[in-house]
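If you want the building blocks of each chain, they are given just below.
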Amino acid sequence: MNRWLSLLPLALFILLAVFLARSFTLEQADKLPSALLGQHLPNLTMPTLSEDKVNVRLMVKEVALLNVWATWCPTCLAEHRYLLEISKKHALPIYGVNYKDDPDKARSWLAELGNPYVLNLQDDGSLGIELGVYGAPETFVIDAQGVIRYRHVGEVNERVWSKRLYPLIMALRKELPQ
Amino acid sequence: MMIQCFILLFCLSLTELVWGLDRYEFDQPEDADRYHRLVEVLRCPKCLNVNLAGSDAPIANDLRKQVYLMIKEGRNDEQILAFMQLRYGDFILYQPRFRPDTWLLWFAPLLMLIPGFFLLGRKLIYSRRPK
């Protein structure tokens, strides 16, 4: 009896270690919960790369992606081709947020590599803060009412698209307008 | 001795450099204190386990500026923390909120004391008994 009891601290230690080890998986960047899910896009009027102004809250009128990118971000280059592909193949509007970037560089990048975006907002970081963005790339799924429904941190690739984004977009397209 | 002095001076000059990166001006000294306290308790979302004060990641710069602007606008600490939490989640707060799903976290240290006291008590009782 006594011998078993002396194992109690060890057992508790193991229990705690397992519990804490779980937190490593919780802190993966793309698993960070976003408190903004279910919220409307912020009511901000912002300049675009083509030098006009647009209201962020009102710009989205059908299910769309909002993609945060920059020319200084290597992963954005990696996902760029894939964004071109899905925007064409699925007739999916993609709204760009050109995040903390040089507008001239951004324009020549789009001219050179192709432009998957409906429009691009020029963001000095303020929209980023509103959306809880902490780096690029990040991609949000927006429904037809302009409500944020999903957030993906990191590259959009075949796996992310077919596992997460595509099923959600299909489901949202079937939702009736309220 | 001379060399040690130089090294010390060099290191001290570096800290000056870091602190000087963004020194915001406040009208009230209390506001400056609030600013420094807030950037201590807010975690840099890009980095694992560094607060806003200790990070030079671009996002940490932006969020420090945001804290500064919100203090300037006259928002109180609770409003600023709530603003950050809404956008960046619980992750950004170093001190977790006291909620039903964090009770275990808060009381875990006390809970862990219980078996310790139990074992200690047993040991004391047994060691007093004559063999």
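Everything discussed here concerns the structure shown above.
The structure displayed is predicted, hence computed values, not measured ones.

## Comments concerning the overall build of chain A
Here is step 1: Within chain A, the secondary structure is distributed over seven helices and seven strands.
Here is step 2: In chain A, the succession of helices and strands from N to C terminus is α-α-β-β-α-β-α-β-α-β-α-β-β-α.
Here is step 3: Overall, the C-alpha framework of chain A stretches about 80 × 40 × 30 Å when taken along its three principal axes.
Here is step 4: In chain A, which comprises 178 residues, the share counted as buried stands at 44%.
Here is step 5: Across chain A, contacts joining residues at least 24 apart in sequence account for 71% of those joining residues at least 6 apart.

## Details of helix α4 (residues 77–88) of chain B
It helps to recall that an α-helix has 3.6 residues per turn; residues three or four apart then point in one direction.
Here is step 1: Taking 1.5 Å per residue, twelve residues should reach 16 Å; α4(B) reaches 16 Å between its end C-alpha atoms and fits that length.
Here is step 2: Residues of α4(B) that are buried sit in contact with α6 (126–130) of chain A together with α2 (29–41) and α3 (58–72) of chain B.
Here is step 3: Capping the start of α4(B) is the job of one residue whose side-chain oxygen sits 3.1 Å from the backbone nitrogen of B:E78: B:N76.
Here is step 4: After α4(B) finishes, the residue B:G89 shows a positive phi value of roughly 80 degrees.

## Some remarks on unusual backbone geometry
Residue and element names in this part refer to chain A.
Here is step 1: With an omega dihedral of -5 degrees, the bond running from A136 to P137 counts as a cis peptide bond.
Here is step 2: You can see P137 is positioned in the loop between α6 and β6 (138–142).
Here is step 3: A positive phi angle, near 45 degrees, is found at A91, a position not held by glycine.
Here is step 4: Mapped onto the elements of the fold, A91 is located in the loop between α4 (74–89) and β4 (94–99).
Here is step 5: Here K100, not a glycine, exhibits a phi torsion of approximately 45 degrees, which is positive.
Here is step 6: Among the secondary structure elements, K100 is positioned in the loop between β4 and α5 (103–113).
Here is step 7: The class for K100 is partly exposed, based on a relative accessible area of 26%.

## Thoughts on the pairing of strand β5 (residues 117–123) of chain A
Residues and elements named next belong to chain A.
Here is step 1: Where β4 meets β5, six bridges bridge the pair, whose relative direction is parallel. The partner of I94 across the bridge, within β5, is Y117.
Here is step 2: Note on the crossover from β4 through α5 to β5: the handedness is right-handed.

## Observations regarding the state of the cysteines
All names here are of chain A.
Here is step 1: Per the counting criterion, the structure on display carries two disulfides over all chains.
Here is step 2: Shown here is the disulfide that connects C73 with C76, its sulfur atoms set 2.2 Å apart. Between C73 and C76 the sulfur-sulfur dihedral comes to about 90 degrees; the bridge is accordingly right-handed.
Here is step 3: Judged by its relative accessible area of 2%, C76 falls in the buried class.

## Side note on the pattern of salt bridges
Here is step 1: The final tally for this structure, using the stated rule, is 15 salt bridges over all chains.
Here is step 2: With its nearest N and O atoms 2.6 Å apart, the salt bridge here joins A:K100 to B:D62. Here A:K100, found in the loop between β4 and α5, pairs with B:D62, found in helix α3, and the two come from separate chains.
Here is step 3: Of the residues examined, B:D62 reaches a relative accessible area of 14% and is grouped as buried.
Here is step 4: A:D143 is the partner of A:R149 in a salt bridge, and the nearest nitrogen-oxygen pair spans 2.7 Å.
Here is step 5: Judged by its relative accessible area of 31%, A:R149 is partly exposed.
Here is step 6: The network of salt bridges with common partners includes B:D31, B:R34, B:R37 and B:D77.

## Some thoughts on the interface of chain B and chain A
It is common to give the size of an interface as the accessible area that goes away when the parts come together.
Here is step 1: Contact residues are listed per partner, giving 21 residues for chain B and 25 residues for chain A.
Here is step 2: The interface formed by chain B and chain A holds two salt bridges in total.
Here is step 3: Counting the contacts that link chain B with chain A gives three residue pairs in polar contact (both at pLDDT 80 or more).
Here is step 4: Counting residues per element, the ones that place at least two in the side of chain B that touches chain A are α3, α4 and α5 (103–128) of chain B.
Here is step 5: Top contributing element to the side of chain B that touches chain A by residue count: α5(B), with six residues.
Here is step 6: Of the residues belonging to the side of chain B that touches chain A, the class tally is 14 nonpolar, three polar and four charged.

Parameters at a glance
- Residues numbered from 1 in each chain as written.
- Chains lettered and ligands numbered in written order.
- Predicted model: local features only at pLDDT ≥ 70, side-chain atom pairs only at ≥ 80, totals over all residues.
- Heavy atoms only, no water.
- Helix = DSSP H or I, 4+ residues; strand = E, 2+ residues; numbered from the N terminus.
- Buried < 20%, exposed > 50% of the residue type's maximum accessible area, 1.4 Å probe, protein only.
- Contact = heavy atoms within 4.5 Å.
- Expected span 1.5 Å × (residues − 1).
- Polar contact = N/O pair within 3.5 Å; in protein donor to acceptor, adjacent residues only side chain to side chain.
- Pairing = 2+ DSSP bridges.
- Right-handed = clockwise from strand over helix to strand, strands pointing away.
- Disulfide = S-S within 2.5 Å.
- Salt bridge = Lys/Arg side-chain N within 4 Å of Asp/Glu carboxyl O.
- Nonpolar A, V, L, I, M, F, W, Y, C, P; charged D, E, K, R; others polar.

By themselves, these are just geometric observations and shouldn't be taken as functional.
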